[in-house]
Amino acid sequence: MNTHPPSRPASQGFSLPAPERLPMLPAEAMSAAQREAAEALIAGPRKAVFGPFIPLLRSPALMARVGQVGEYLRFDSVLEVRIRELAMCLVARHVSNQFEWLMHAPLALKAGVPQDSLEAIAAGRYPHSTAADEAAMVDFVTELLQHHGVSDSSYAAALALFGEQGVVELTTLVGYFTMVCWVMNVARTPGQPQPDFSALAAFPA
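Model, not experiment: these values are computed from the prediction.

Enquirer: Got a minute to help me understand the overall build of the protein chain in this structure?
Expert: Of regular secondary structure, the protein chain possesses eight helices and zero strands. Listing each helix as α and each strand as β along the protein chain from the N terminus yields α-α-α-α-α-α-α-α. Since a compact globule built from 205 residues should have a radius of gyration of about 17 Å, the 17 Å found for the protein chain is in line with a globular shape. Seen along its three principal axes, the alpha-carbon backbone of the protein chain occupies a region of about 55 × 35 × 30 Å. The buried share of the protein chain, reckoned over its 205 residues, is 44%. Looking at the protein chain alone, contacts between residues at least 24 apart form 73% of all its contacts between residues at least 6 apart. For the protein chain, the exposed area adds up to about 10100 Å²; of that, 59% sits on carbon and sulfur atoms.

Enquirer: Help me understand the nonpolar core, please; the structure alone is not making it clear to me.
Expert: Generally speaking, a soluble globular protein has its nonpolar side chains buried in company with each other. F53, W101, L118, M137, V141 and L170 are the most contacted members of the largest nonpolar core, which has 49 residues in total. Counting only elements with at least two residues in this core, the list comes to α1 (32-43), α2 (53-56), α3 (60-75), α4 (81-94), α5 (98-111), α6 (115-122), α7 (132-147) and α8 (152-187). Here this core gets 10 residues from one element, more than from any other, and that element is α8.

Enquirer: Just to check I follow, could you spell out the packing of aromatic side chains for this structure?
Expert: Given two aromatic rings, one states the distance between the centres and the angle between the planes to describe the pair. Scanning the model with the defined rule gives two aromatic pairs in all. Ring geometry for Y176 and F177: centres 5.1 Å apart, planes at 80°, overall edge-to-face. Y176 gets classed as buried once you look at its relative accessible area, which sits at 7%.

Enquirer: I keep staring at the environment of A87 and nothing clicks. Help me out?
Expert: Counting through the fold element by element, A87 comes out in helix α4. By relative accessible area, which is 1% here, A87 ends up buried. Along the chain, A87 and G149 lie 62 residues apart, while their C-alpha atoms are 16 Å from each other. Those residues within four positions of A87 in sequence are excluded, and the remaining contacts are M137, V141, L170 and L173.

So, how was this worked out
Residues numbered from 1 in each chain as written. Predicted model: local features only at pLDDT ≥ 70, side-chain atom pairs only at ≥ 80, totals over all residues. Heavy atoms only, no water. Helix = DSSP H or I, 4+ residues; strand = E, 2+ residues; numbered from the N terminus. Rg over C-alpha atoms; globule rule 2.2 N^0.38 Å. Buried < 20%, exposed > 50% of the residue type's maximum accessible area, 1.4 Å probe, protein only. Contact = heavy atoms within 4.5 Å. Areas by Shrake-Rupley, 256 points an atom, 1.4 Å probe, with all protein chains shown as cover. Core = buried A, V, L, I, M, F, W, Y, C linked by side-chain atoms within 4.5 Å. Phe/Tyr/Trp six-rings, centres within 6.5 Å; stacked < 30°, edge-to-face > 60°.

In structure tokens, the structure reads:
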């Protein structure tokens, strides 16, 4: 999967290279509220200001609230890590966001998602190599992204595997990561290169 030089950031977007619109603010340019929000993020499990939090820093109160929601969904959700990471990859491909793809595809692989599944998602194909619980989640998330709702059969399959709390948290996870991907797409926040993982290609090819 490695076709992108590991030392070069992956530009957000597929047209001619364009500058990042909302890059990281230098410390001396931050307001007191921005510095406080940045310090709180650094003190939490993320340990740094990166990805969507760079553009969100322009609204420090919003960044803090968004960060708290994302912290729960990423680190404390009832959903298994493997399911969460694969769901994030589906969202990243759907909205063609380089940052989230390059961050979560390696984490999904580490959590046990087959590489064949990730390669299929990157190419816009259904990941047939997934396990039964992954397949139920993929059906649920794909329908939600494409149709803004889910069928009774997909809902029932997800409910049987993840319970009501899991279904609610999975739905919220999709909405949260779509939102932060949109923020980065608008801001042109680049993805951070990862060994053995390519940036997303334009889709459809």
